[in-house]
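Chain residues, written in single-letter form:
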Amino acid sequence: MHAEADLRAQMLLQQIESGIVHLDASGTLAYLNRRAEQILKVAPGEFLDKRIDMLPLRTHIYRVLSEECHDQPVEVSVEGTVILVRSAPIFESGEYRGEIFELRDVTSEKRERCQREEFVAMMTHDLKSPLTVIMGYVQALLGEVGEKIHPSLQLFMTEMDKSAVKMLSMIEDVLDAYRLEVGLLQIDRHPCNVKSLLESCCTDGEREAVVHGSHFSKEIDPDIPWIELDGKQIGRVFANLIGNAVKFTPRRGSIHLASALRDGALLVEVSDSGIGIPCDELPRIFNKYFRSSVAQGFKGTGLGLTISKAIVEAHGGSINVESTVGKGSRFSVFLPLNGATHH
């Protein structure tokens, strides 16, 4: 009866579109369906009953099955084919029985996604030029208030300017997401007065917090040295973290920025008493376009944290998050002090 059920299960596995691979508890290749053989470009039965760690290192099957893909899927390229690999352990009566891998050919999906992103990048680039012209004319008109422009129009002009700046920031996020995807995100390092940079970001954050009815506080280490980094890009990271903290913190809430020198690195923490992030969503919070389920109704592109993580890691640093729903979040940025000098 068991043999008949196993045979039926194998017949069903041969019909599905995904490749299925089973490694037993000893790491021996126990089963591949037909689709897995096609994806991995192996002959039927070629590697059956062989331990995965004994396979030739250059074979596709060794490369794919050696990926760490328990927590999230991993993309692997095999001769121009992009394979999405995910795995899960198998337990029976609490005893480990091996691992099952699912392989999916996502080449065409990835190509279409790239084409869409290229189109979006082209469109946002084309939108940037006329917006820059509009901003230039608005700035010029603001300079004429009181002379050629009636002062009663100043509020409208200021709001137009603020909205244009916000739109330009969103366009820059989309363009940077594309640059990140194709490896073109530029980091231009120069000696940077990080203390002054943090002070400036906090000034902007405090202004935003007042508008939102929340309290902003800061604790900036006076001994922060000048550091070799891209001040414009790192400034975007801090501005994004502070902006998010203000946006997701209700009225009468609090936002706090703290900095310290620790273990040869600069630590900057932005904490808030806002809506928080569900525990199961924390691993995906830096994914492109991902937005937390509790952030529905808040405006945003879902790109800020993705770009911030890429910028920080390009500087050899790291960014982490701790959060509790309804109690707030804390984002921590570590930047190495390579090339740091005191002025």
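Residues numbered from 1 in each chain as written. Predicted model: local features only at pLDDT ≥ 70, side-chain atom pairs only at ≥ 80, totals over all residues. Heavy atoms only, no water.

> Explain the layout of surface pockets here, please?
Where empty space is left can be seen by rolling a probe of water-molecule size over the atoms. Within this model, the second largest pocket holds a volume of roughly 560 Å³. Residue lining of the second largest pocket: 13 residues in total, with Gln72, Pro73, Glu75, Leu84 and Asn287 positioned closest to the centre. Taken domain by domain, the makeup of the lining of the second largest pocket includes at least three residues from each of domain 1 (1–106) and domain 3 (190–336). (1 Å grid on protein atoms, 1.4 Å probe; cavity = no way out; pocket = protein on both sides within 12 Å on 5 of 7 lines; lining within 4 Å. Points joined across faces, edges and corners; volume = space filled by probe spheres on them. Domains from an automatic or database assignment.)

> Just checking my understanding: could you explain the domain arrangement of the chain for this structure?
The extent of an interface is frequently quoted as the accessible surface area lost upon association of the parts. As far as domains go, the chain holds domain 1 (1–106), domain 2 (109–182) and domain 3 (190–336). Averaged C-alpha coordinates put domain 2 and domain 3 at centres separated by 23 Å. Domain 2 puts 9 residues into the contact, and the matching count from domain 3 is 8 residues. Between domain 2 and domain 3, the buried area comes to about 740 Å², and carbon and sulfur atoms account for 61% of it. Taken together, the connections running from domain 2 to domain 3 amount to 0 residue pairs in polar contact (both at pLDDT 80 or more). (Contact = heavy atoms within 4.5 Å. Buried area = accessible area lost by both parts, 1.4 Å probe. Polar contact = N/O pair within 3.5 Å; in protein donor to acceptor, adjacent residues only side chain to side chain.)

> What exactly am I supposed to notice about the sheet that holds strand β1 (residues 19–24) here?
The pairing of strands in a sheet comes from backbone hydrogen bonds and takes either a parallel or an antiparallel form. The 5 strands lie next to each other as β2-β1-β5-β4-β3, forming an open sheet whose pairing is antiparallel. The sheet is open, and its two edges are formed by β2 (29–32) and β3 (74–78), each paired on a single side. With direction set aside, neighbouring strand axes in the sheet form an average angle of 25°. In this sheet, strand β5 (residues 95–105) lies alongside β1 in antiparallel orientation, the contact comprising 6 bridges. Paired with leucine 23 across the bridge in β5 is glutamate 99. In the packing of helix α4 (residues 107–143) onto the sheet, contacts are made with β3, β4 (81–92) and β5, and the angle to β4 comes to roughly 125°. (Pairing = 2+ DSSP bridges. Helix = DSSP H or I, 4+ residues; strand = E, 2+ residues; numbered from the N terminus. Axes fitted to C-alpha atoms, helices over the stretch in contact; angles between N-to-C directions.)

> What should I look at first to understand the pairing of β2 in this one?
Note on strand geometry: in a regular strand, side chains alternate between the two faces of the sheet. Where β1 meets β2, 3 bridges bridge the pair, whose relative direction is antiparallel. If you follow leucine 23 over to β2, its bridge partner there is leucine 29.

> What's the story with empty space enclosed by the protein in this structure? I'm lost.
The full count for this structure, using the stated rule, is 1 cavity of 30 Å³ or more. If you add up the space inside the largest cavity, you get close to 40 Å³. Contributing to the lining of the largest cavity are Glu117, Val120, Ala121, Val174, Ala177, Tyr178, Lys288 and Tyr289. For the lining of the largest cavity, the elements supplying multiple residues, two or more each, are α4 and α5 (154–181).

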